[in-house]
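Observations on the three-dimensional arrangement
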Amino acid sequence: APIKRKVSVTVDEDLIAEIEADGDSLSGRVNAALRNDLAERRRHRALGAMLARFDAEYGPLDTPEDEAEINRFMQLLGGLSSGDAQ
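Within any chain, residue numbers begin from 1 and follow the written order of that chain's sequence. Note on the predicted model: pLDDT of at least 70 is required for a residue's local features to be given, and 80 or more for side-chain atom pairs to be given and counted; whole-chain, interface and lining totals, by contrast, use all residues. Side-chain metrics rest on all non-hydrogen atoms present in the structure, leaving aside hydrogens and water.

Strands here mean DSSP runs of E at least two residues long; helices mean DSSP runs of H or I at least four residues long; both are numbered from the N terminus. A count of helical and extended segments in the chain gives three helices and zero strands. Helices (α) and strands (β) of the chain occur, in sequence order from the N terminus, as α-α-α. Over its C-alpha atoms the chain spans a radius of gyration of 19 Å, topping by over 25% the 12 Å that the globule rule assigns to 86 residues. Accessibility here uses a 1.4 Å probe with only protein chains present; expressed as a share of the type maximum, an area under 20% marks a residue as buried, one over 50% as exposed, and anything in between as partly exposed. When burial is assessed residue by residue, the chain has 7% of its 86 residues classed as buried. For the charge count, each Lys or Arg is scored as positive and each Asp or Glu as negative, with His and the chain ends excluded. Taken as the charge centre is NZ of Lys, CZ of Arg, CG of Asp or CD of Glu, depending on the residue. One way to put it: in the chain the 11 positive side-chain charges average out to a point 13 Å from where the 17 negative ones average out. Computation of the radius of gyration draws on C-alpha atoms alone. For the globule rule, the value is 2.2 Å times the number of residues to the power 0.38.

If you want it as structure tokens, here you go:
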């Protein structure tokens, strides 16, 4: 089991009320949310590194077809939804 560390955070009251109403553990929900956020950040960094390698090897990915393919990969990785990337 991971080592736990006690920290103090300030959370919006409406969020706390909803979690308590559901009978969920606040610590558990915060931990899960942080893990999900960090996993998404890792995916985005990995995609950025992959695109940088492609750029170095093949040149810039700047055509409309390239952008469509990038958007498709972002969706597959759990990143941006369709139309969010610009």
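Here the focus is the environment of Ala-21. With respect to the helices and strands, Ala-21 occurs in helix α1 (residues 13-21). Residues Ala-21 and Leu-76, 55 residues apart in the sequence, show an inter-C-alpha distance of 33 Å.

Lining residues are those with an atom within 4 Å of a point, where the points come from a 1 Å grid over the protein atoms alone and group into cavities, where a 1.4 Å probe fits but cannot get out, or pockets, open sets with protein on both sides within 12 Å along at least five of seven lines. Grid points are joined across faces, edges and corners, and a volume is the space filled by probe spheres set on the points. Approximately 430 Å³ is the volume found for the largest pocket. Taken together, 14 residues make up the lining of the largest pocket; nearest its centre are Arg-5, Val-7, Ser-27, Val-30 and Asn-31. Each residue receives one of three labels: charged for Asp, Glu, Lys and Arg, nonpolar for Ala, Val, Leu, Ile, Met, Phe, Trp, Tyr, Cys and Pro, and polar for the others, Gly being one of them. For the lining of the largest pocket, the class distribution of residues is eight nonpolar, two polar and four charged.

This part takes up a nonpolar patch on the surface. Taken together, the side chains of Val-7, Val-9, Val-11 and Leu-15 present a nonpolar region at the surface, about 340 Å² in accessible area. Inspection of the secondary structure puts Leu-15 in helix α1. Overall, the relative accessible area of 42% leaves Leu-15 in the partly exposed class. Only residues whose relative accessible area exceeds 30% and that take part in no salt bridge are eligible for patches, with like-charged residues grouped when within 9 Å of each other and nonpolar side chains (Val, Leu, Ile, Met, Phe, Trp, Tyr) grouped when within 5 Å. Note on areas: these come from Shrake-Rupley sampling with a 1.4 Å probe, and a residue is covered only by the protein chains present in the view. Salt bridges are defined as contacts in which a side-chain nitrogen from Lys or Arg sits within 4 Å of a carboxyl oxygen from Asp or Glu.

Right, let's talk about the environment of Leu-47 for a bit. As for its placement among the helices and strands, Leu-47 is situated in helix α2 (residues 26-58). Residue Leu-47 is classed as buried on the basis of its relative accessible area, which comes to 5%. With residues up to four places along the chain from it excluded, the contact list for Leu-47 reads Phe-73, Met-74 and Leu-77. Residue contacts follow a heavy-atom distance rule, with two residues in contact if any of their heavy atoms lie within 4.5 Å.

Working definition: rings of Phe, Tyr and Trp (its six-membered ring) pair if their centres are within 6.5 Å, and the pair is stacked with planes under 30 degrees apart, edge-to-face with planes over 60 apart, and tilted otherwise. The tally for this structure, following the rule as stated, stands at one aromatic pair. Ring centres 6.1 Å apart and planes at 70 degrees place the aromatic pair Phe-54 and Tyr-58 in the edge-to-face group. Note that Phe-54 and Tyr-58 are positioned in helix α2 at a spacing of four residues, about one turn of the helix. Residue class for Tyr-58 comes out exposed when judged on its relative accessible area of 60%. For a Lys NZ or an Arg CZ to count as sitting over a ring, it must be within 6 Å of the ring centre and within 35 degrees of the ring normal. Cation over ring: Arg-72 sits above Phe-73, and NZ or CZ is 4.9 Å from the ring centre.

Take it as geometry only, folks, not as evidence of what the structure does.
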